[in-house]
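Examining the three-dimensional arrangement
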Amino acid sequence: MTAQIIGDKPNTYAFTKALGESALVTEGGCLPIVVIRPSIVVAAWREPLPGWLENLNGPTGIVAGAGKGVLRTVYCKREKIADLVPVDIPINLAIAAAWKIASQPSNAIPVYNCTSGSINPIRWGQLETMGMAAIRKYPMENVLWYPGGSYKESALLNTICQLIFHSLPAYMMDSMAYLMGKKPVMVRVVEKMHKAQKAIEYFATNEWKWSNDNVEKLNKELTEVDRRTFNFDLSDLNWPDFIAVYVKGTRQFVFKEDLSTLDEARKHTDKMFWVEKCLQIVLFIVFGKLFAWLFC
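Scope of this entry: the structure provided in the associated data block.

Rules used throughout
Residues numbered from 1 in each chain as written. Predicted model: local features only at pLDDT ≥ 70, side-chain atom pairs only at ≥ 80, totals over all residues. Heavy atoms only, no water. Helix = DSSP H or I, 4+ residues; strand = E, 2+ residues; numbered from the N terminus. Polar contact = N/O pair within 3.5 Å; in protein donor to acceptor, adjacent residues only side chain to side chain. Phe/Tyr/Trp six-rings, centres within 6.5 Å; stacked < 30°, edge-to-face > 60°. Buried < 20%, exposed > 50% of the residue type's maximum accessible area, 1.4 Å probe, protein only. Patch = residues over 30% accessible without salt bridge, like charges linked within 9 Å, V, L, I, M, F, W, Y side chains within 5 Å. Areas by Shrake-Rupley, 256 points an atom, 1.4 Å probe, with all protein chains shown as cover. Salt bridge = Lys/Arg side-chain N within 4 Å of Asp/Glu carboxyl O. Expected span 1.5 Å × (residues − 1). Contact = heavy atoms within 4.5 Å. Axes fitted to C-alpha atoms, helices over the stretch in contact; angles between N-to-C directions. Parallel < 35°, antiparallel > 145°, perpendicular 65-115°, else oblique. Left-handed = near helix turned anticlockwise from the far one by under 90°. Nonpolar A, V, L, I, M, F, W, Y, C, P; charged D, E, K, R; others polar.

**Here we look at the environment of Thr223**
Relative to the helices and strands, Thr223 resides in the loop between helix H8 (213-221) and helix H9 (224-229). A polar side-chain atom of Thr223 sits 3.1 Å from the main-chain amide nitrogen of Asp226.

**Describing the packing of aromatic side chains**
Enumeration according to the criterion identifies seven aromatic pairs in this entry. With 5.6 Å between their ring centres and 40° between their planes, Tyr202 and Trp208 make a pair best called tilted. With centroids separated by 5.0 Å and ring planes inclined at 80°, the aromatic side chains of Phe273 and Trp274 adopt a geometry described as edge-to-face. Overall, Phe273 belongs to the partly exposed group, its relative accessible area being 25%. Every member of this aromatic cluster is reached through a ring pair, and the members are Tyr146, Phe273 and Trp274.

**Observations regarding a nonpolar patch on the surface**
A cluster of nonpolar side chains, namely Leu279, Val282, Leu283, Val286, Phe287, Leu290, Phe291, Trp293, Leu294 and Phe295, defines an oily patch on the protein surface of about 1100 Å² accessible area. Checked against the element boundaries, Val286 lands in helix H11 (residues 262-295).

**Overview of the pattern of salt bridges**
Taken as a whole and judged by the stated rule, the model has 13 salt bridges. Of the charged contacts in the structure, one is a salt bridge between Lys68 and Glu257, with a shortest N-O distance of 2.6 Å. With Lys68 in the loop between helix H3 (59-67) and strand S3 (73-75) and Glu257 in the loop between helix H10 (239-254) and H11, the pair connects residues that are 189 residues apart, well separated along the chain. Overall, the relative accessible area of 17% leaves Lys68 in the buried class. Glu257 sits in the buried class, given a relative accessible area of 6%. The salt bridge partner of Arg266 is Asp263, with a shortest N-O separation of 3.2 Å. Highlighted residues: Arg266 and Asp263, both in helix H11, separated by three residues, approximately one helical turn. Residue Arg266 is classed as partly exposed on the basis of its relative accessible area, which comes to 31%.

**A few points about the environment of Gly149**
Along the chain, Gly149 turns up in the loop between helix H5 (124-137) and strand S6 (150-152). Taking the C-alpha atoms as reference points, Gly149 and Leu71, separated by 78 residues in sequence, lie 7.2 Å from one another.

**Some thoughts on helix H4 (residues 88-103)**
Over its 16 residues, H4 runs 23 Å from end to end, which matches the ideal 22 Å to within 8%, given 1.5 Å per residue. In this fold, the buried residues of H4 make contact with strand S1 (35-38), strand S4 (84-86), strand S5 (111-114), H8 and H9.

**Considering the packing of H5 against H10**
Put simply, H5 and H10 touch, their axes get as near as 9 Å, and they point 50° apart. Judged by the angle between their axes, H5 and H10 are oblique. Pair H5 / H10 crosses with right-handed handedness. For the pair H5 and H10, contact is made by Leu127, Met130, Gly131, Ala134 and Ile135 and by Trp239, Pro240, Ile243, Ala244 and Val247, respectively. Among the residues forming the contact of H5 with H10, the class breakdown is nine nonpolar, one polar and no charged.

Interpretation in functional terms is not warranted from these geometric data alone.
Quick look at the structure:
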């Protein structure tokens, strides 16, 4: 039923956004209305605190899953632009746009595309590299496995890897938990993770070019003081630095992990690195012997 209702929209989120805009057009009357369309919203750049966020929506779920060592594969096109925008940017733009429509009324409803792709683009492949570097710089507490994995540009390969590296280990861990009298939770965690991944796949495998000439024009209309106070210019954003802040913010504000535990988290992550390498050696020997037994 959902597919019939939303039509060509990728998900219910995009559908309800379009529905809301349609309602404004038909029912707005003479009200001073302006529409802000942010792209993929992520953690704060500067306000209220660098890296601040409160949920696991969008890429944050990927950051969290990879940081905890659970996420090992993501369906994504590395060369596509990841049109990320820090959450404080559309908020500042909304304040400036509200001033504009109130002081200079318009019969038409102005639409401002709040995006980074045409100003300061970052590609999904760059995000993969920067994100993994930041996760290892700011490791999360009690990681289940050494953070790793990679993007997959084939949907079929990604599905196979999800089965091998996500679902199968989750069922094994839940079976062990059940036998030990503990509550099994990993299958549910992985199912939620896959659902979150599915929601962002459409945006991670496609690319759009958005016009934001009116955003740049609005920025020029502000005083220098207002431009600093209500900054929505992304041209100065340093992506490697921001991604590091984003990962640290996920650790601090989503998982509520104090920064004082970083040293202990690094020790645990290093331990998991060697556990992973030892397991890889064991598996290599086992499969080598199996291959020799079958074909030699």
